[in-house]
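Breakdown of the fold
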Amino acid sequence: MSAREEHLVELVDDDGRARGEATVSAAHQPPGRLHRAFSVLLVAPDGRVLLQRRAAVKTRFPLRWANSCCGHPAPGESLTAAANRRLGEELGVGPVELTETGVYVYYAEDPATGRVEFEYDHVLRADVPGDLPVRPDPAEVAELRWVDPATLETDLDGDPRAYAPWLGGVVNRLLHPSPPTRATNGPGAAPAGPPVDEADEAAERSGGR
């Protein structure tokens, strides 16, 4: 087990209110425990977004294409601090200015590893230069590519098993954001995004993409 699996995450209720903590490993064991997470999308001036293919050693959905960076704020840690920390660790990028575009609750079971994702996911956007230098950590990232989000939506429908199960909801929050807010609220604060789309949540509870 990697050291990261022993890090603490913040457990939350259905409205995103803090209700305790657990290790990463415990929160992702079946049947899963709802916890706070974030998904970052780096967006180039032409609208393309940076995707990463998750490394083979990942304990959840390895070798699936996902958004630029994902992670969990530690209990009491702000979304901005946590997201910029993980951007640095995974991609060698940052710090960047982040805007929260929505919240996405999803449930997905990984048939390859038996782990479960049950996350209250804050979707964060950062506008970056098209020639942004990146230095991905091979223990985190297998590949990178820039894609048009509209094309990505089509690909998600055509070949869903190539992608992480949360990516569709993340891209939807990017393309259909709430009024922009700076992602500076702490984990215990009210979420800045729109109310959770219960249809999205229900679609993922059966196992997701």
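Residue numbers run consecutively from 1 along every chain, following the written order of its sequence. In view of the model being predicted, local features appear only for residues whose pLDDT reaches at least 70, and side-chain atom pairs are presented and counted only at 80 or more, with totals across whole chains, interfaces and linings using the full set of residues. Hydrogens are left out, water is left out, and the side-chain values use all remaining heavy atoms of the structure.

As a per-residue quantity, pLDDT reports the predictor's confidence and falls between 0 and 100. Summary statistics for the chain give a mean pLDDT of 85 and a share of 84% for residues scoring 70 or more. Contacts were defined at the residue level, with two residues in contact if any of their heavy atoms lie within 4.5 Å. Note that pLDDT drops below 50 for residues 180-209; the model gives that stretch 75 contacts with residues more than four away or on any other chain.

Turning next to the pairing of strand E8 (residues 116-127). Among the 12 residues in E8, 10 count as buried, and that is most of the element. Of the pairings in the sheet, the one linking strand E3 (residues 35-43) to E8 comprises 9 bridges and is parallel in character. By the bridge assignment for E8, His35 is matched with Glu119. Summarising the sheet, strand E7 (residues 99-109) and E8 pair through 10 bridges and their orientation is antiparallel. Paired with Ala108 across the two strands is Glu117, which belongs to E8. Each residue is placed in one exposure class: buried if its accessible area under a 1.4 Å probe, protein chains only, is under 20% of its type's maximum, exposed if it is over 50%, and partly exposed if it falls in between. The numbering of helices and of strands both runs from the N terminus, where a helix is a DSSP run of H or I of at least 4 residues and a strand a run of E of at least 2. DSSP bridges decide pairing: two strands pair if at least two such bridges lie between them.

With that settled, the discussion passes to the packing of aromatic side chains. Classification of ring pairs uses Phe, Tyr and Trp, with its six-membered ring standing for Trp, and accepts pairs whose centres are within 6.5 Å; under 30 degrees between planes counts as stacked, over 60 as edge-to-face, and the remaining range as tilted. This model, assessed by the stated rule, comprises 4 aromatic pairs. Geometrically, the ring pair formed by Tyr106 and Trp166 is tilted, given 6.0 Å between the ring centres and 35 degrees between the ring planes. Highlighted residues: Tyr106 in strand E7 and Trp166 in the loop between helix H3 (149-158) and helix H4 (167-175), separated in sequence by 60 residues. For Tyr106, a relative accessible area of 1% gives the class buried. Connected via pairs of aromatic rings, a cluster forms that spans Phe61, Tyr104, Tyr106 and Trp166. Over the ring of Trp65 we find Arg145, and its NZ or CZ is 4.4 Å from the ring centre. A ring is considered to have a charge above it if a Lys NZ or an Arg CZ atom is located within 6 Å of its centre and within 35 degrees of its normal.

What follows is about the side chain of Arg64. You can see Arg64 is positioned in the loop between strand E4 (49-54) and strand E5 (65-66). Just so you know, the count uses Lys and Arg for positive and Asp and Glu for negative, and it drops His and the chain ends. The term salt bridge refers to a pairing of a side-chain nitrogen on Lys or Arg with a carboxyl oxygen on Asp or Glu at a separation within 4 Å. Nearest to the buried, unbridged Arg64 among oppositely charged side chains is Asp110, at 5.1 Å. Polar contact is the term for a pair of N or O atoms within 3.5 Å; when the atoms are in protein, one must be able to donate a hydrogen and the other to accept it, and sequence-neighboring residues count only if both atoms are side-chain atoms. Engagement of the side chain of Arg64 in a polar contact is seen with the backbone oxygen of Tyr163, the distance being 2.8 Å.

Moving on to the state of the cysteines. Disulfide assignment relies on a single distance test, namely cysteine sulfur atoms paired within 2.5 Å. A complete count under the given rule lists 0 disulfides for this structure. For the unlinked cysteine Cys69, the closest cysteine sulfur is that of Cys70, found at 6.6 Å. Given the relative accessible area of 0%, Cys69 is considered buried. For Cys70, a relative accessible area of 15% gives the class buried.

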